Amino acid sequence: MRKVYLDNASTTPLLPEVREAMIPFLDKVFGNPSSLHDWGDAAREAVEAARTQVAQLIGANAEEIIFTGSGTESNNFAIKGLALAKQNKGKHVVVSAIEHFSVLHSARTLGKWGFELSLVPVDKYGVVDPEDVRKSLRKDTVLVSVMHANGEVGTIEPIQEIAKITRENNVVFHTDAVATAGTIPVDVKELGVDGLSLAGNQFYGPKGVSALWLRKAVRIMPLLDGGVQEGGRRAGTENIPAIVGLGKAAELAKRTMAARIEHLTQLRDRLLNELPGRIDHVVVTGHPQNRLPGNASFCVEFIEGESMLMLLNSKGVAVSSGSACTSRALKASHVLIAMGISHELAQGSLLFSFGLDNTPEDVDYVLEVLPAIVDRLRQMSPLYSKFTKTSKGGE
Amino acid sequence: MPVYSEKVMEHFMNPRNVGEIENPDGVGEEGNPICGDMMTFYIKVKDNRLDDVKFKTFGCGAAIAVSSIVSEMARGKTLEEAMKITPRSVADELEGLPKNKFHCSNLGAQALNKAIKDYLSKKKTGGKE
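First, a word on what this report is: a plain description of the structure on this page. Just so it is clear, the structure is predicted and the values come from calculations on it, not from any experiment.

## Focus on the sheet that holds strand β10 (residues 295-300) of chain A
All names here are of chain A.
Link 1 in the chain: Spatially, β9-β10-β12 is the arrangement adopted by the 3 strands of the open sheet, whose pairing is antiparallel. In the strand order of this sheet, the two ends are held by β9 (282-284) and β12 (349-353), each with one partner. Pairwise comparison of adjacent strand axes, ignoring direction, gives a mean angle of 25° for this sheet.
Link 2 in the chain: Two elements, β9 and β10, share 3 bridges in a ladder whose sense is antiparallel. If you follow Val 283 over to β10, its bridge partner there is Cys 299.

Here it is in structure tokens:
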């Protein structure tokens, strides 16, 4: 059976070049970068080379990169650490309603620690209005965090405009760039942000390694105390093979980004344009133009996402859904709900996220198998039979 | 993929008794699309037994498998026997359900129950629609 992986928003595969770069650090080079001998030196040099590679991906200085264990850790560190470092100035933080849970839940934890939280809404495409950010600012606001792009619906946010507002008001601005760094051009100076999270497993690097960039002189409270690794901001012996892999993935992403974007955009646009022609009552979610190159997200009416996902899997196709039934908490995606999509429609959410290995034939295959799956589930759906009866009766 | 038993997968991939019954003796609807799942059961009764049971379901893999197994468990049973189908017996028949999907077996048992009660109340009032 044909196997088609279209869940690159969850994680990307490891590139062979990245794997090759990591191998020596799984056995031959095993020293601790903090050690003062040749073994330590070899490991330290590898970490610092990777730091430079990651910095270059986002137009930053190497010493501003802090390696972490995941995008989630980077976001936890940024939200909690930046707010705590500024708590003498005030205890109010602002985040958008469609942030990843690692940002939203960190902000809620700050709430338990005596901070106040403001959620900025989004429009029907999932776009934050910078003026809403301005309105939410107060004298005691110490941190704003708005994601660069949303991985679920692909919408890219107006980070530069928001940064102008936070700069005018002297508030620290962090952006979660997990969905964008390594995928589309990200330049911290152009964006104008103070902090930025990125994750290696979103651009063909290994899992278990990520980074937080912090503009020089921005203060942060460490979450992990211990030794002086990462400039004393994130203690713990470094995960050298993973860090080396992240560096290599960053280097490759920077070098081949234009070609990657072109490839992904073609696949995405074909699915976005052709799927609604093959299946009735399908809506595209997210911004029609201003979206991630590999993201094609939809809501299919009258049926539920998990059952579509399972039937697609039985045909060898891997996708995601934001339906309540696919989440452990049995809640529909907060992103779709924040965009004003009804709970009923959000149940039919399907996310296709393309990667480098995908081909136009993969799109053909989806267009071939999905209509029958949708039809099969609709034949079972009481909502669909109600719809067909009332629409026939109404005509 | 959620961790479903082979039996759940088998019923999800090949659900039994999908559809509606024309002029059913009883109809029961449970759940709503907001909470994620919705099931409608249709029954035909003959000599106090469930002669035919059909369903339509909006929902996840577990919801569809639950509807299918409930329809199979109920067919041919007397009304009293069918009323004794519980969420637990449904889940057991499916060789288990993930913890967070157990509510689906509730829906299945309740929807069938409602269909039977619908039949009984119509019978009591002697009501032909």
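## As for the packing of helix α9 (residues 305-314) of chain A against helix α2 (residues 61-74) of chain B
Two numbers describe a pair of packed helices, the interaxial angle and the distance between the axes.
Link 1 in the chain: Two elements in contact, α9(A) and α2(B), have axes whose closest approach is 7 Å; the angle formed by their N-to-C orientations is 90°. Taken together, the axes of α9(A) and α2(B) are roughly perpendicular relative to one another. Across the interface between the two elements, A:Glu306, A:Ser307 and A:Met310 from α9(A) touch B:Gly61, B:Ala62 and B:Ile64 from α2(B).
Link 2 in the chain: When grouped by side-chain class, the residues that make up the contact of α9(A) with α2(B) number 3 nonpolar, 2 polar and 1 charged.

## Considerations on the interface of chain A and chain B
Link 1 in the chain: Between chain A and chain B, the residue contacts involve 26 residues of the former and 28 residues of the latter.
Link 2 in the chain: Summed over the three residues of chain A that lose the most area to chain B, namely A:Met310, A:Met380 and A:Pro382, the buried surface amounts to 28% of that side.
Link 3 in the chain: The interface formed by chain A and chain B holds 3 salt bridges in total.
Link 4 in the chain: A salt bridge links A:Lys386 to B:Glu29; the nearest nitrogen and oxygen atoms lie 3.0 Å apart.
Link 5 in the chain: On inspection of chain A and its partner chain B, the count reaches 11 residue pairs in polar contact (both at pLDDT 80 or more).

## Side note on the packing of aromatic side chains
Link 1 in the chain: Following the criterion strictly, the structure yields 5 aromatic pairs over all chains and no others.
Link 2 in the chain: Plain terms: the ring middles of A:Phe302 and A:Phe387 are 4.7 Å apart, the flat faces sit at 35° to each other, and that makes the pair tilted. Of this pair, A:Phe302 sits in the loop between β10 and α9 while A:Phe387 sits in helix α13 (residues 382-394), placing them 85 residues apart in sequence.
Link 3 in the chain: For A:Phe387, a relative accessible area of 27% translates into the label partly exposed.
Link 4 in the chain: Where B:Phe41 meets B:Phe55, the ring centres are 6.0 Å apart and the plane angle is 35°; that geometry is what we call tilted. Of this pair, B:Phe41 sits in strand β2 (residues 37-46) while B:Phe55 sits in strand β3 (residues 49-58), and the two are 14 residues apart along the sequence.
Link 5 in the chain: Sitting above the plane of the A:Phe115 ring, A:Lys91 keeps its charged end 5.5 Å from the centroid.

## Examining the environment of B:Ser67
Residues and elements named next belong to chain B.
Link 1 in the chain: Mapping Ser 67 onto the fold places it in helix α2.
Link 2 in the chain: Between the alpha carbons of Ser 67 and Leu 112 there is a distance of 9.1 Å; along the sequence they are 45 residues apart.
Link 3 in the chain: In this structure, Ser 67 is in contact with Met 39, Phe 41, Phe 55 and Thr 57, ignoring residues within four places of it in sequence.

## Quick look at unusual backbone geometry
All names here are of chain A.
Link 1 in the chain: For Ala 217, which is not glycine, the phi dihedral falls at a positive 80°.
Link 2 in the chain: Summarising the element assignment, Ala 217 is placed in the loop between β8 (210-214) and α8 (240-278).
Link 3 in the chain: For Ala 217, a relative accessible area of 78% translates into the label exposed.
Link 4 in the chain: The residue His 281 is not glycine, and still its phi comes out positive at about 55°.

## As for the state of the cysteines
Residue and element names in this part refer to chain B.
Link 1 in the chain: Applying the stated rule across the entire model yields 0 disulfides over all chains.
Link 2 in the chain: For the unlinked cysteine Cys 60, the closest cysteine sulfur is that of Cys 104, found at 3.9 Å.
Link 3 in the chain: Note on Cys 104: relative accessible area 0%, which makes it buried.

## What about the pattern of salt bridges?
Residue and element names in this part refer to chain A.
Link 1 in the chain: One pass over the structure, following the stated rule, counts 30 salt bridges over all chains.
Link 2 in the chain: The salt bridge involving Arg 44 is made with Asp 41; its shortest N-O contact spans 2.4 Å. One end of the pair, Arg 44, and the other, Asp 41, are both in helix α2 (residues 38-57), 3 residues apart, so they sit about a helical turn from each other.
Link 3 in the chain: As a salt-bridge pair, Glu 73 and Arg 234 come within 2.7 Å of each other at their nearest N and O atoms. Of this pair, Glu 73 sits in helix α3 (residues 71-85) while Arg 234 sits in the loop between β8 and α8, and the two are 161 residues apart along the sequence. Across the pair, exposure class does not vary: Glu 73 and Arg 234 are buried alike.

## Points about helix α6 (residues 159-168) of chain A
Residue and element names in this part refer to chain A.
Link 1 in the chain: Buried residues of α6: Ile 159, Ile 162, Ala 163, Ile 165 and Thr 166, and no others. All buried residues of α6 lie within an arc of 160° about the axis, which places them on one face of the element. Facing away from the buried side of α6, by more than 90 degrees, are the exposed residues Lys 164, Arg 167 and Glu 168.
Link 2 in the chain: Tucked into the core, α6 has its buried residues touching α5 (130-136), β5 (141-145), β6 (172-176) and α7 (188-191).
Link 3 in the chain: Phi turns positive one or two residues past the end of α6, at Asn 170, with a value near 60°.

## Some remarks on the sheet that holds strand β3 (residues 92-96) of chain A
Remark on secondary structure: sheet strands pair via backbone hydrogen bonds, oriented parallel or antiparallel.
All names here are of chain A.
Link 1 in the chain: What the 7 strands build is an open sheet, ordered β2-β8-β7-β6-β5-β3-β4; its pairing is mixed. Each edge of the sheet is formed by a strand with only one pairing partner; in this case those strands are β2 (65-68) and β4 (116-120). When the angles between neighbouring strand axes are averaged without regard to direction, this sheet yields 20°.
Link 2 in the chain: As judged from the 4 bridges shared by β2 and β8, these two strands associate in the antiparallel manner. The residue bridging Thr 68 from the neighbouring strand is Ser 210, located in β8.
Link 3 in the chain: Seen against the sheet, helix α4 (residues 101-112) touches β3, β4, β5 and β6 and runs at an angle of roughly 160° to β3.

## A closer look at the side chain of A:Glu73
Link 1 in the chain: Judged by relative accessible area, which is 18%, A:Glu73 ranks as buried.
Link 2 in the chain: The contact partners of A:Glu73, leaving out residues within four places of it in the chain, are A:Thr68, A:Leu224 and A:Arg234.

## A closer look at the environment of A:Phe173
Residue and element names in this part refer to chain A.
Link 1 in the chain: Summarising the element assignment, Phe 173 is placed in strand β6.
Link 2 in the chain: On the basis of relative accessibility, which here comes to 0%, the residue Phe 173 falls in the buried class.
Link 3 in the chain: With 161 residues separating them along the chain, Phe 173 and Thr 12 place their C-alpha atoms 28 Å apart.
Link 4 in the chain: When sequence neighbours within four positions are dropped, the list of residues in contact with Phe 173 reads Val 144, Ser 145, Val 146, Ile 159, Ile 162, Ala 163, Thr 166, Val 193, Asp 194 and Gly 195.

Reading the values: rules and limits
Residues numbered from 1 in each chain as written. Chains lettered and ligands numbered in written order. Predicted model: local features only at pLDDT ≥ 70, side-chain atom pairs only at ≥ 80, totals over all residues. Heavy atoms only, no water. Pairing = 2+ DSSP bridges. Helix = DSSP H or I, 4+ residues; strand = E, 2+ residues; numbered from the N terminus. Axes fitted to C-alpha atoms, helices over the stretch in contact; angles between N-to-C directions. Parallel < 35°, antiparallel > 145°, perpendicular 65-115°, else oblique. Contact = heavy atoms within 4.5 Å. Nonpolar A, V, L, I, M, F, W, Y, C, P; charged D, E, K, R; others polar. Buried area = accessible area lost by both parts, 1.4 Å probe. Salt bridge = Lys/Arg side-chain N within 4 Å of Asp/Glu carboxyl O. Polar contact = N/O pair within 3.5 Å; in protein donor to acceptor, adjacent residues only side chain to side chain. Phe/Tyr/Trp six-rings, centres within 6.5 Å; stacked < 30°, edge-to-face > 60°. Buried < 20%, exposed > 50% of the residue type's maximum accessible area, 1.4 Å probe, protein only. Lys NZ or Arg CZ within 6 Å of the ring centre and 35° of its normal. Disulfide = S-S within 2.5 Å. Arc of directions from axis to C-beta.

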